[in-house]
Amino acid sequence: MVKDYMIARMNIDSIKKYGALDLIWQVFLEFEAPDYSDEGIQEFKKFIDLNSIGQKISDNEMRFWGCFSGEDIVGVAATRQPCHISLLFVDKKHHRQGIGRELFNTITSFYKAAGLYREMTVNSSPYAVEVYHKLGFADTDTEQLVNGIRFIPMKYLFT
């Protein structure tokens, strides 16, 4: 575990309480939005809408984890079924401190314990490609563009 941080599963109440979606939006605007069209930015904003996320959580389609420094949320990860990382964001002030890796390790441990999956996928933004490569993901295709969202499909094989 990264020193002085705690990772915990989140439900819709804790997502609201700690401002997890606000953190995601702010990090997206600073680091990813410059690579996206207006259409892509709006599509991402729609994806992280609280009501939409809440429905996906209650339908067990999506799971959230938060990384906390005291009472402050400093990182967020989310997966959707069957075994796909849909969100992985770390507050700018906490970049390069191992938080993204610890969130990823928490997710993979969760899925390994379930014993149902052999691989995890992600559609990486251009900004995050190197991060995912360092985590062990490999590209499975070239860059795609869907509804203004640019991404590179990637896969990680559980060991």
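Caption draft 1: Structural detail: the packing of helix 2 (residues 20-32) against helix 3 (residues 38-47). Remark: helix 2 packs on helix 3, axes separated minimally by 11 Å, with the N-to-C direction vectors making an angle of 165°. Classified by the interaxial angle, the pair formed by helix 2 and helix 3 is roughly antiparallel. The crossing of helix 2 and helix 3 is right-handed. Across the interface between the two elements, Ile-24, Trp-25 and Phe-28 of helix 2 pack against Ile-41, Phe-44 and Lys-45 of helix 3. The residue inventory of the contact of helix 2 with helix 3, partitioned by class, reads five nonpolar, no polar and one charged.

Caption draft 2: Broad picture of the nonpolar core. Residues Ile-15, Ile-24, Phe-28, Phe-44, Phe-64, Leu-87 and Phe-89 are the most contacted members of the largest nonpolar core, which totals 27 residues. Sorting the residues of this core by element identifies helix 2, helix 3, helix 4 (50-58), strand 2 (62-69), strand 3 (72-80), strand 4 (84-90) and strand 8 (149-157) as the ones contributing at least two each. The leading source of residues in this core is helix 2, at eight residues. Among all residues touching Ile-24, those that are not within four sequence positions of it are Phe-44, Ile-48, Phe-64, Val-76, Leu-87 and Phe-89. Counting residues in hydrophobic clusters, the runner-up holds 26 residues, among them Cys-83, Val-122, Ala-128 and Ile-152.

Caption draft 3: View of helix 3. All of the buried residues along helix 3 are Gly-40, Ile-41 and Phe-44. Within helix 3, the buried residues cover an arc of 100° as seen down the axis, which keeps them to one side. More than 90 degrees from the buried face of helix 3, the exposed residues found are Asp-38 and Lys-46. Looking at the buried residues of helix 3, the elements they touch are helix 2, strand 4 and strand 8.

Caption draft 4: Up close: the pattern of salt bridges. Scanning the entire structure with this criterion turns up four salt bridges. One salt bridge in this structure joins Glu-43 and Lys-46, with 3.5 Å as the shortest N-O distance. Here Glu-43 and its partner Lys-46 are both found in helix 3, three residues apart, which amounts to about one turn of the helix. Relative accessible area serves as the criterion here: at 25%, Glu-43 is assigned to the partly exposed category.

Rules of the game
- Residues numbered from 1 in each chain as written.
- Predicted model: local features only at pLDDT ≥ 70, side-chain atom pairs only at ≥ 80, totals over all residues.
- Heavy atoms only, no water.
- Axes fitted to C-alpha atoms, helices over the stretch in contact; angles between N-to-C directions.
- Helix = DSSP H or I, 4+ residues; strand = E, 2+ residues; numbered from the N terminus.
- Parallel < 35°, antiparallel > 145°, perpendicular 65-115°, else oblique.
- Left-handed = near helix turned anticlockwise from the far one by under 90°.
- Contact = heavy atoms within 4.5 Å.
- Nonpolar A, V, L, I, M, F, W, Y, C, P; charged D, E, K, R; others polar.
- Core = buried A, V, L, I, M, F, W, Y, C linked by side-chain atoms within 4.5 Å.
- Buried < 20%, exposed > 50% of the residue type's maximum accessible area, 1.4 Å probe, protein only.
- Arc of directions from axis to C-beta.
- Salt bridge = Lys/Arg side-chain N within 4 Å of Asp/Glu carboxyl O.

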